[in-house]
Amino acid sequence: MDVQIEQSWKEPLRGEFNKEYFQSIVHFLKVEKQAGKVIYPPGPLIFNAFNTTPFTNVKVVIIGQDPYHGEGQAMGLSFSVPTGVKPPPSLVNIYKELRDDLGIEIPKHGNLEKWARQGVLLLNAALTVEANTANAHAGIGWHTFTDAVIKIISDKLEGIVFILWGNFARNKKELIDSSRHFVLESAHPSPFSVTKFLGCRHFSKTNALLQQQGKTPIDWSLD
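Conventions used here
Residues numbered from 1 in each chain as written. Predicted model: local features only at pLDDT ≥ 70, side-chain atom pairs only at ≥ 80, totals over all residues. Heavy atoms only, no water. Helix = DSSP H or I, 4+ residues; strand = E, 2+ residues; numbered from the N terminus. Rg over C-alpha atoms; globule rule 2.2 N^0.38 Å. Buried < 20%, exposed > 50% of the residue type's maximum accessible area, 1.4 Å probe, protein only. Contact = heavy atoms within 4.5 Å. Phe/Tyr/Trp six-rings, centres within 6.5 Å; stacked < 30°, edge-to-face > 60°. Pairing = 2+ DSSP bridges. Axes fitted to C-alpha atoms, helices over the stretch in contact; angles between N-to-C directions.

Colleague: Describe the overall build of the protein chain, listing the residues and the values that go with them.
Modeller: Helix and strand content of the protein chain: nine helices and six strands. A globule of 223 residues ought to have a C-alpha radius of gyration of about 17 Å, and the protein chain, at 17 Å, matches this closely. Structurally, the protein chain occupies a C-alpha span of about 50 × 35 × 30 Å along its principal axes. Buried positions account for 54% of the 223 residues belonging to the protein chain. For the protein chain, long-range pairs separated by at least 24 residues make up 67% of all intrachain contacts whose partners lie at least 6 apart in sequence.

The structure is reproduced here in structure tokens:
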């Protein structure tokens, strides 16, 4: 199957694209669209995380659960919304931690493409969702695919910083070889658990881990 994805991802993921479960995902999405269901993000943005962060550029992985399911919010990057769309509560809390950790003023927008272009893979576990229905596509096979992505990154790259916020993301730890990579864990930045999230200092910790390997740190500012 010829998936429209950034070239450097094609070889490591080729085996997944040819598996039956992945073809079932494609079939499911086609049937849903034909039935008039609204699916986010738009087709060209489903693999936006991969297209914005080539495989060879990955330095950091931030794992989200599900695309935003409100109109105009999902853009294929975990926690990110397009410029002009009001940042959701979890992202606002991420910005608060960024301010407290690094002194970076809270941005006026929610677009995290600048992070992605520097090597931060903003990976949702499910890459699509039905409008207004959280986790609607959690069971269609995407988790099998993104688990494979995490495992491939773990197996083929070195010294990646995996940022796991909340229990869902933390459960992905078993896919990561912690003898070759770094894992930062905390509560989820949602309003329900934000008091346990604030103070994690994951942004400065990530940069310290990158620098100790001789890698360029991430410029986390967004303005």
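Colleague: So, the packing of aromatic side chains: which residues are in play, and what are the values?
Modeller: This structure, assessed with the given rule, holds 18 aromatic pairs. By the ring-pair criterion, three or more aromatic residues cluster together here, those being W9, F17, Y21, F22, F47, F50, F55, W142 and F145.

Colleague: For the sheet that holds strand β3 (residues 120-124), give the residues involved together with the corresponding values.
Modeller: Two modes of strand pairing occur in sheets, parallel and antiparallel, and in both the strands are linked by backbone hydrogen bonds. The four strands are arranged β3-β2-β5-β6 in an open sheet whose pairing can be described as parallel. Each of the sheet's edge strands pairs with one partner strand only, and the pair in question is β3 and β6 (182-186). Looking at each pair of strands side by side, their axes are set apart by 20° on average, direction ignored. For strand β2 (residues 60-64) and strand β5 (residues 161-165), the ladder comprises four bridges, and the chain directions are parallel. In the sheet register, V60 faces β5, and the bridge partner there is V161.

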